[in-house]
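Residue-level structural notes
Residue-level listing of the chains:
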Amino acid sequence: MATVDVTVRGGGVFGLSVAWECARRGARVRLIETTRIGAGASGGVVGALAPHVPEQWNAKKQFQFESLVMAGDFWGGVTEAGGAQTGFARVGRLQPLADAAAAALAEGRVAGAAEHWQGQGIWRVAPVAEFGVLAPVSPTGLVVHDTLSARANPRLLGPALVAAIRAKGGEIVIGEGPDEGAVVWATGIDGLGALSAAFGKQVGNGVKGQAAILGFDAGTVPQVFADGLLIVPHANGTVAVGSTAEKRYDAPDTTDEQLDAVLARARALCPDLADAPVLERWAGVRPRAATMAPVLGAWPGRTGHYVANGGFKIGFGMAPKVAEVMADLLLEGRDAIPAGFRVEDCV
Ligand SMILES: Cc1cc2nc3c(=O)[nH]c(=O)nc-3n(C[C@H](O)[C@H](O)[C@H](O)COP(=O)(O)OP(=O)(O)OC[C@H]3O[C@@H](n4cnc5c(N)ncnc54)[C@H](O)[C@@H]3O)c2cc1C
């Protein structure tokens, strides 16, 4: 007789969030992490929770939008249950506009945000002079300011989720333990490798990223995004800067001159960071599915086994919604996984 209803494998943000949501709904849960909580991509530093551009709307954008909207309640519930902070705040985001064409494009997206964001956040073009600390250099003097973007501290999310799961009676096993009940494979890059081996095709691969933590107390101000560069102020007197995106790499966890280049760009973009000391350099590998979308749902042909993977560059942002749809499926048999996000779509 199984002593738990759900076993989740993987102590990253996907596994922990699924385990938490199941425990919150009353299921008996065991989470098994072979190495340590946050051993994979979730042990990183950046933690931007940001929406896609509000145009050419599709299922992936809607899923991420819903996840962003529910993030405040989700992370608030985690803190309420376990007592540990997550660093979540809806700080918004600034994107400098390089020229008149970029400004016109950005103005054109105001209506898209009004339609697709359903009043949950705004997208507007504003003078950068409206903003203070950490405001980016903008050639036009204009920025896109959105109020939907948020941030959370990746270093706090894992411990906060562990505390919340335990508070609901869930078990956390570091090392090995028995798989009982429904088994969810939220095993990141290793899990994409296991799916590839099982189905004899490349289900996904890893994309390495390097990022850093700077010592700079920006207060509660918007994060900054420009040309793939993210600058995220956190509540603990630090600012995270990232990231590289490397399809080819020798070592998964080393940093090099590519991170130096990212840091130089960040200091040029946000002159407030010019003298901020580097407190930590970090690298990890993002689990990227070949579809570029999350990989969720039942493991085809393996009864009782499920997958929650493919967080790629936005895993922290999507975790609340991933947890919701996986718990719906595991506990209620209700399949609300969007088309294109299923394991079958990748294998
Ligand atoms: C540099 C960088 C910056 C990023 N910035 C952001 C950002 O700003 N915003 C955002 O939303 N996302 C960001 N991401 C992406 C995000 O980190 C990932 O999408 C997310 O962490 C993936 O979580 P996961 O739980 O699926 O995988 P992981 O965190 O990799 O967790 C998988 C876990 O499974 C464990 N495991 C493996 N095999 C087994 C097994 N057999 N049994 C038990 N456990 C096992 C591993 O040890 C690991 O701990 C970034 C990623 C990188 C690398």
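Shown above is the structure to which this text applies.
The present account deals with the structure reproduced in this document. (Residues numbered from 1 in each chain as written. Predicted model: local features only at pLDDT ≥ 70, side-chain atom pairs only at ≥ 80, totals over all residues. Heavy atoms only, no water.)

1. Structural notes on the sheet that holds strand S8 (residues 171-174)
Each strand in a sheet pairs with another by means of backbone hydrogen bonds, the pair being arranged parallel or else antiparallel. Strands sit in the order S8-S2-S1-S9-S16-S15 across an open sheet of 6 strands; the sheet is mixed. Each end of this open sheet is capped by a strand with a single partner; those strands are S8 and strand S15 (295-298). Pairwise comparison of adjacent strand axes, ignoring direction, gives a mean angle of 20° for this sheet. (Pairing = 2+ DSSP bridges. Helix = DSSP H or I, 4+ residues; strand = E, 2+ residues; numbered from the N terminus. Axes fitted to C-alpha atoms, helices over the stretch in contact; angles between N-to-C directions.)

2. A closer look at the pairing of strand S1 (residues 6-9)
Alternating positions in S1 separate into two faces, Val6 and Val8 on one and Thr7 and Arg9 on the other, with burial throughout. Looking at chain direction, S1 and strand S9 (residues 182-185) are connected through 4 bridges and run parallel. Bridge assignment links arginine 9 to a residue of S9, and that residue is tryptophan 185. Bridge analysis of S1 against strand S2 (residues 29-33) gives 4 bridges, and the strand direction is parallel. In the sheet register, valine 6 faces S2, and the bridge partner there is valine 29. Handedness of the S1-helix H1 (residues 13-24)-S2 crossover: right-handed. (Buried < 20%, exposed > 50% of the residue type's maximum accessible area, 1.4 Å probe, protein only. Right-handed = clockwise from strand over helix to strand, strands pointing away.)

3. Details of the site of the ligand
Among the 35 residues in the neighbourhood of the ligand, the closest are listed as Glu33, Ser42, Ala48, Phe312 and Phe316. In the environment of the ligand, a nitrogen atom lies 3.5 Å from a nitrogen or oxygen atom belonging to the backbone of glycine 10. Take threonine 34: an N or O atom from its main chain is 3.5 Å from a nitrogen atom of the ligand. Out of a free accessible area of 1000 Å², the ligand has 94% covered by protein chains. When contributions to the shell around the ligand are tallied by element, the ones reaching two or more residues are H1, S2, helix H6 (188-199), strand S14 (278-289) and helix H8 (315-332). With 4 residues, S14 is the single largest residue contributor to the shell around the ligand. Here the shell around the ligand is built from residues that sort into 14 nonpolar, 16 polar and 5 charged. Looking at the shell around the ligand, you find at least three residues from each of domain 1 (6-90 + 152-203 + 290-345) and domain 2 (126-148 + 205-288). (Near = heavy atom within 4 Å. Polar contact = N/O pair within 3.5 Å; in protein donor to acceptor, adjacent residues only side chain to side chain. Areas by Shrake-Rupley, 256 points an atom, 1.4 Å probe, with all protein chains shown as cover. Nonpolar A, V, L, I, M, F, W, Y, C, P; charged D, E, K, R; others polar. Domains from an automatic or database assignment.)

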